Amino acid sequence: MIIAIDGPTASGKGTVARRLAAHYGLPCLDTGLLYRGVAARLIREGDAPGDEDAAERAARSLKLKGMDESELRSARAGAAASVVAAMPRVRAALKDLQRDFAAQEGGAVLDGRDIGTVICPDADVKIWVDADPAERARRRHAELEGRGEDISYEEVLAQLRERDERDSGRPDAPMKRASDAHLLDTSKMSIDAAFEEARRIVDQVMAQRRA
Ligand code: DC
């Protein structure tokens, strides 16, 4: 079973994906980490975030194993990730890695922006996870504060809106709800409630398929 989870930053999609993967015993790939990994490499090596040649090289040599998640989760890596994610050559370089992950025996859960539309258009279940921008900014701000980053709520909200615009406005694989994706609005939901609703959607879709 392949489960595709898409949605904007801090919508809760990562948590929902991880919880679903644990529940169904499937491997899980947070595809945002790939773009963050490319961006972090550019930052580390002093390359400009807009250098597409360097970004493509970084994407082609990216390995899933050994990525340092705490470095990749910073606001700086996130903002730079959104820039490299708009580059068609970077997206092309990361496509096979994601498709190979999805093709594992037994299936997988992948979360990102274009999983249901581009990476796994034939996924068994697609869920679009969303929430109000103000609520997403509140969550992201709490997460960054917890990591010791000194950033105001207003700044987080402004960055989030900028990132949404860049992710949904790019011509190549824009962030978009697939026409057959189920909507999960987590604005007023706890993590447990969001997971329960996602599980209900998956079970319902799979039961309908078997019927
Ligand atoms: O989900 P995230 O915040 O870790 O993603 C970081 C950036 O990578 C985000 O701005 C959008 C981009 N991204 C993408 O374009 N496609 C994906 N499948 C996953 C992430």
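Engineer: Help me understand the layout of surface pockets in this model?
Structural biologist: Any empty space left between atoms is shown by rolling a water-sized probe over those atoms. Space inside the largest pocket adds up to approximately 850 Å³. For the largest pocket, the lining is made up of 37 residues, of which Ala-10, Ser-11, Gly-12, Lys-13 and Gly-14 are closest to its centre. Listed by contribution, the elements that provide at least two residues to the lining of the largest pocket are α1 (13-24), α2 (32-45), α5 (75-84), β3 (108-112), α8 (133-146), α9 (153-169) and α10 (191-210). A class-by-class count of the residues in the lining of the largest pocket yields eight nonpolar, twelve polar and 17 charged.

Engineer: Just checking my understanding: could you explain α9 for this structure?
Structural biologist: In an α-helix there are 3.6 residues to a turn, and that puts residues three or four apart on one side. Between its first and last C-alpha atoms α9 spans 24 Å; for 17 residues at 1.5 Å apiece the expected length is 24 Å, and the two agree. Every buried residue belonging to α9 is among Val-156, Leu-157, Leu-160, Arg-163, Asp-164 and Asp-167, and all of these are buried. Down the axis of α9, the buried side of the element spans an arc of 130 degrees, and every buried residue falls inside it. In α9, those exposed residues whose orientation departs by more than 90 degrees from the buried face are Glu-154, Glu-165 and Gly-169. Buried residues along α9 sit in contact with α2, α5 and α8.

Engineer: Looking at this structure, I do not really get the sheet that holds strand β4 (residues 125-130). What am I missing?
Structural biologist: Consider a sheet: its strands pair through backbone hydrogen bonds, and that pairing is either parallel or antiparallel. The strand order across the open sheet formed by five strands is β2-β3-β1-β4-β5, and the pairing between neighbours is parallel. Bordering the open sheet on either side are β2 (28-30) and β5 (182-185), each of which pairs with just one other strand. Going from strand to strand, the sheet's axes swing by 20 degrees on average, the running direction of each strand aside. Judged from the four bridges that link them, β4 and β5 form a sheet pairing that is parallel. Among the inter-strand pairings, Val-129 is bridged to a residue of β5, identified as Leu-184. Against the sheet, helix α6 (residues 88-102) touches β1 (2-6), β2 and β3, its axis set at about 145 degrees to β3. Across the face of the sheet, α10 comes into contact with β1, β4 and β5 while running at roughly 155 degrees to β4.

Cut-offs applied
- Residues numbered from 1 in each chain as written.
- Predicted model: local features only at pLDDT ≥ 70, side-chain atom pairs only at ≥ 80, totals over all residues.
- Heavy atoms only, no water.
- 1 Å grid on protein atoms, 1.4 Å probe; cavity = no way out; pocket = protein on both sides within 12 Å on 5 of 7 lines; lining within 4 Å.
- Points joined across faces, edges and corners; volume = space filled by probe spheres on them.
- Helix = DSSP H or I, 4+ residues; strand = E, 2+ residues; numbered from the N terminus.
- Nonpolar A, V, L, I, M, F, W, Y, C, P; charged D, E, K, R; others polar.
- Expected span 1.5 Å × (residues − 1).
- Buried < 20%, exposed > 50% of the residue type's maximum accessible area, 1.4 Å probe, protein only.
- Arc of directions from axis to C-beta.
- Contact = heavy atoms within 4.5 Å.
- Pairing = 2+ DSSP bridges.
- Axes fitted to C-alpha atoms, helices over the stretch in contact; angles between N-to-C directions.

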